[in-house]
Amino acid sequence: YMPIPWESCMTMGNSWSYIPKENFKPARKLIQTLVDIVAKNGNLLLNIAPGPDGEWHEEAYQRLQEIGKWIAVNGESIYDTKPLAPYRQGQWAFTTNSQARYVSYLPTDSEKLLPASLTIPSLTTSPKAKISILGSTQTLKITKTQDGISVSVPEKVRQQLANQPVWVLKIVG
């Protein structure tokens, strides 16, 4: 985290300029990078090099579609938010706005399902707080623990939101 605004400039692939056989980063990595940067008070500038005809590789369009699909559901945790201490801790990233706190879970490459039980570190909530996962309307059960708060995720929600690059928990109240 930096107390002043900053920007990370990176490429969607490996090169700043066009190369015929570009190696594009997976959408999962690009989305996790975005979440990580925003939680640390940064902005992501993502370069996509156009070809000689001005068009992008088909893969670049696919990545943007995947990122857009994730943003359509989870964008409220990115846009018009500020970092929330502890910013980044393990697989967690924290942001906030005037309506809610957002706790993003960045899964490992092998995690396809959100764990059935999550412990959010360094976080306290009021007894009246409501927690949900963006993409689902179901309110989740939370329990205060010594390490933070524990969240139970029903199997139906885990299956409904399988294979996400980042899962975002929304805490209101």
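Rules of the game
Residues numbered from 1 in each chain as written. Predicted model: local features only at pLDDT ≥ 70, side-chain atom pairs only at ≥ 80, totals over all residues. Heavy atoms only, no water. Helix = DSSP H or I, 4+ residues; strand = E, 2+ residues; numbered from the N terminus. Buried < 20%, exposed > 50% of the residue type's maximum accessible area, 1.4 Å probe, protein only. Contact = heavy atoms within 4.5 Å. Areas by Shrake-Rupley, 256 points an atom, 1.4 Å probe, with all protein chains shown as cover. Lys, Arg positive; Asp, Glu negative; His and termini not counted. Charge placed at Lys NZ, Arg CZ, Asp CG, Glu CD. Phe/Tyr/Trp six-rings, centres within 6.5 Å; stacked < 30°, edge-to-face > 60°. Expected span 1.5 Å × (residues − 1). Arc of directions from axis to C-beta. Patch = residues over 30% accessible without salt bridge, like charges linked within 9 Å, V, L, I, M, F, W, Y side chains within 5 Å. Salt bridge = Lys/Arg side-chain N within 4 Å of Asp/Glu carboxyl O.

A few points about the overall build of the protein chain
Turning to step 1, where the next piece is worked out: When you go through the protein chain residue by residue, the secondary structure sums to three helices and ten strands.
Turning to step 2, where the next piece is worked out: When the elements of the protein chain are put in sequence order from the N terminus, they spell out β-α-β-α-β-β-β-β-β-β-β-α-β.
Turning to step 3, where the next piece is worked out: Projecting the C-alpha coordinates of the protein chain onto the three principal axes gives extents of approximately 60 × 40 × 25 Å.
Turning to step 4, where the next piece is worked out: The buried share of the protein chain, taken over its 173 residues, is 47%.
Turning to step 5, where the next piece is worked out: Within the protein chain, residue pairs in contact and separated by at least 24 positions form 66% of the contacts whose partners lie at least 6 positions apart.
Turning to step 6, where the next piece is worked out: Entry remark: accessible area of the protein chain is about 9,400 Å², with carbon and sulfur atoms responsible for 53%.
Turning to step 7, where the next piece is worked out: A gap of 12 Å separates the mean positions of the 18 positive and 14 negative side-chain charges of the protein chain.

Section: the packing of aromatic side chains
Aromatic ring pairs are defined here through the distance separating the ring centres and the angle between the ring planes.
Turning to step 1, where the next piece is worked out: This model, assessed by the stated rule, comprises four aromatic pairs.
Turning to step 2, where the next piece is worked out: Following the ring pairs from residue to residue traces out a cluster consisting of Trp92, Tyr105 and Trp167.

Details of helix α1 (residues 27-39)
Turning to step 1, where the next piece is worked out: With 13 residues, α1 ought to run about 18 Å at 1.5 Å a step, and its terminal C-alpha atoms sit 18 Å apart, in line with that.
Turning to step 2, where the next piece is worked out: For α1, the tally of buried residues reaches twelve of 13 residues, placing the bulk of the element in the interior.
Turning to step 3, where the next piece is worked out: Here α1 has its buried residues at Ala27, Arg28, Leu30, Ile31, Gln32, Thr33, Leu34, Val35, Asp36, Ile37, Val38 and Ala39.
Turning to step 4, where the next piece is worked out: Its buried side turned inward, α1 meets β1 (6-11), β2 (42-47), α2 (58-74), β3 (82-89), β4 (92-96) and β5 (101-105).
Turning to step 5, where the next piece is worked out: Just downstream of α1, asparagine 41 is the residue with a positive phi angle, here 75°.

A look at α2
Turning to step 1, where the next piece is worked out: For α2, built from 17 residues, the straight-helix expectation of 24 Å at 1.5 Å per residue is met to within 8% by its first-to-last C-alpha distance of 24 Å.
Turning to step 2, where the next piece is worked out: Within the sequence span of α2, burial applies to Ala60, Arg63, Ile67, Trp70, Ile71 and Asn74. Across the axial projection of α2, the buried residues extend over an arc of 100°, all falling on one side. Among the exposed residues of α2, those pointing more than 90 degrees away from its buried face are Glu58, Gln65, Lys69 and Ala72.
Turning to step 3, where the next piece is worked out: Looking at the buried positions of α2, the neighbouring elements they touch are α1, β2 and β10 (167-172).

Some remarks on a nonpolar patch on the surface
Turning to step 1, where the next piece is worked out: There is a patch of nonpolar side chains on the surface, built from Trp56, Tyr61 and Leu64 and spanning about 240 Å² of accessible area.
Turning to step 2, where the next piece is worked out: Assignment of secondary structure puts tryptophan 56 in the loop between β2 and α2.
Turning to step 3, where the next piece is worked out: Judged by relative accessible area, which is 32%, tryptophan 56 ranks as partly exposed.

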